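Close look at the chain arrangement
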Amino acid sequence: MSINLFRTRPILLSQQLLKNFSKHCYTTTSKGSIVSELEVEEVPIYEVEPLHDEEKLQKMCDISRLAPHHLNIIHGRKPYNQSYESYHDSVWYRKRMLGRYGIEAAEFHPGICWPTKEAIEESLEFERLAYPKSIQEVWKEIEEKKKIAAEKIRAREEYIDKTVAKFDEWRAALDAKIAKKEAEVQAAKEKKERLMAEIREQFGYNIDPRDERFKEILALKEKEDKKKKKEEKKKKKEAKLLSWLNSQVNEMNDKKDSQPNEEKAEEASSKPTQDAQTNIKTD
């Protein structure tokens, strides 16, 4: 935007002066004829004396402190009017300038932006090597990938449904585990209280659990309990072993009882064959 500053010296010719002049004029002619004879231009005439040229005014008005090429970019103009760098004469840069600022800003023939015959052949060769498959083949591969992805999603959803269906079972198992743990804690607490009661009964008065004698007796009691549990476990194991041995002995007895019956059946089946052989020999 440019601003012109001028020094003006107007020459004033007002219509009011004409009206005042017509009042003091005594004549037989009409008022309109007097005005028509004295008609002049109502537009004031100015004498123009520019103080600064256009370029200097633009510099004075520019307060952005931007470089000229940056200012051109902001105002939608071509940044450089001449080449300053080596790439300013390259084809790709000229293509960019033509695409952004139009043919008016291009100081070259726009035909250079179109590829040459050699460039077209190179691009076609590149496409043949980079994309050897046809559109139909590529589309088929895309469809197969979509099917595989859909199958994966279906399998994942099925797995999630099965997992969700097991939530109640897992919750019941967790509740049972928590109950078992609480029962064990309660049993240990009751056991400790029972041992403390036995120790107090043994001493005949309440004794401080922090006392060394109390700790020794408590350790002996716990050792005796462990020994009892070990003996009970051993007895259960022996009983289980005896039951297994008894089952094995019973199975062996059953097999022995079944063997004579099988031998008798085999002898009975072999007698007709022996009789037939004797008859053949006699004949």
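Worth saying up front: this structure is predicted, and the values here are computed from it rather than measured. (Residues numbered from 1 in each chain as written. Predicted model: local features only at pLDDT ≥ 70, side-chain atom pairs only at ≥ 80, totals over all residues. Heavy atoms only, no water.)

A count of helical and extended segments in the protein gives nine helices and two strands. Taken from the N to the C terminus, the helices and strands of the protein come in the order β-α-α-β-α-α-α-α-α-α-α. Sequence-distant contacts, at least 24 apart, represent 38% of the contacts inside the protein between residues at least 6 apart. (Helix = DSSP H or I, 4+ residues; strand = E, 2+ residues; numbered from the N terminus. Contact = heavy atoms within 4.5 Å.)

For the coordinates displayed, the defined rule picks out six salt bridges. Glu151 serves as the salt-bridge partner of Arg154, at 2.5 Å between the closest nitrogen and oxygen. Of this pair, Arg154 and Glu151 both sit in helix 7 (residues 135–165), three residues apart, roughly one helical turn. Judged by its relative accessible area of 41%, Arg154 falls in the partly exposed class. Note on Glu151: relative accessible area 41%, which makes it partly exposed. Residues Glu158 and Lys162 are paired through a salt bridge, measuring 3.8 Å at the closest nitrogen-oxygen approach. In this pair, Glu158 and Lys162 are both assigned in helix 7, four residues apart and thus about one turn of the helix distant. Here the salt bridges share partners, and the residues they tie into one network are Glu151, Arg154, Glu158 and Lys162. (Salt bridge = Lys/Arg side-chain N within 4 Å of Asp/Glu carboxyl O. Buried < 20%, exposed > 50% of the residue type's maximum accessible area, 1.4 Å probe, protein only.)

Looking now at the nonpolar core. Listed in full, the six residues of the largest apolar core are Leu195, Met196, Ile199, Phe214, Ile217 and Leu218. Within the residue set of this core, elements represented by two or more residues are helix 8 (167–203) and helix 9 (212–282). Sequence-distant contacts of Leu195, defined by excluding residues within four places in its chain, comprise Leu218, Lys221, Glu222 and Asp225. (Core = buried A, V, L, I, M, F, W, Y, C linked by side-chain atoms within 4.5 Å.)

What the rule picks out here adds up to five aromatic pairs. The interplanar angle of 15 degrees and the centroid separation of 6.1 Å between the aromatic rings of Tyr87 and Trp92 together place this pair among those described as stacked. Classification of Tyr87 by relative accessible area gives partly exposed; the value is 38%. With a relative accessible area of 47%, Trp92 lands in the partly exposed category. An angle of 50 degrees between the planes, with centres 6.0 Å apart, marks the rings of Phe167 and Trp170 as tilted. Within this pair, Phe167 and its partner Trp170 are both found in helix 8, separated by three residues, close to a single helical turn. Put simply, the rings of Tyr87, Trp92 and Tyr93 pair up and form one aromatic cluster. (Phe/Tyr/Trp six-rings, centres within 6.5 Å; stacked < 30°, edge-to-face > 60°.)

Turning our attention to unusual backbone geometry. Positive phi values are uncommon outside glycine, yet Arg65 reaches one of about 60 degrees. For Arg65, the location among the structural elements is in the loop between helix 3 (54–61) and helix 4 (68–74). Of the residues examined, Arg65 reaches a relative accessible area of 77% and is grouped as exposed.

Quick look at the confidence of the model for the protein now. Chain-level pLDDT for the protein is 76 on average; 72% of the residues reach the 70-or-more range. For the protein, per-element mean pLDDT is lowest for strand 1 (residues 6–7), which scores 40, and highest for helix 7, which scores 94. Segment residues 1–14 is flagged for pLDDT under 50; beyond a separation of four residues in sequence, or across chains, it makes 22 contacts in the model. Below pLDDT 50 for its whole length, residues 23–38 participates in six contacts with residues either more than four positions away or in separate chains. (pLDDT = per-residue confidence, 0-100.)

Looking now at the side chain of Lys78. Inspection of the secondary structure puts Lys78 in the loop between helix 4 and helix 5 (91–101). Lys78 gets classed as buried once you look at its relative accessible area, which sits at 16%. Polar contacts involving the side chain of Lys78 include one to the main-chain carbonyl oxygen of Ala105, which spans 3.3 Å. For Lys78, the residues in contact, after removing those within four places along its chain, are Asn72, Met97, Tyr101, Ala105 and Glu107. (Polar contact = N/O pair within 3.5 Å; in protein donor to acceptor, adjacent residues only side chain to side chain.)

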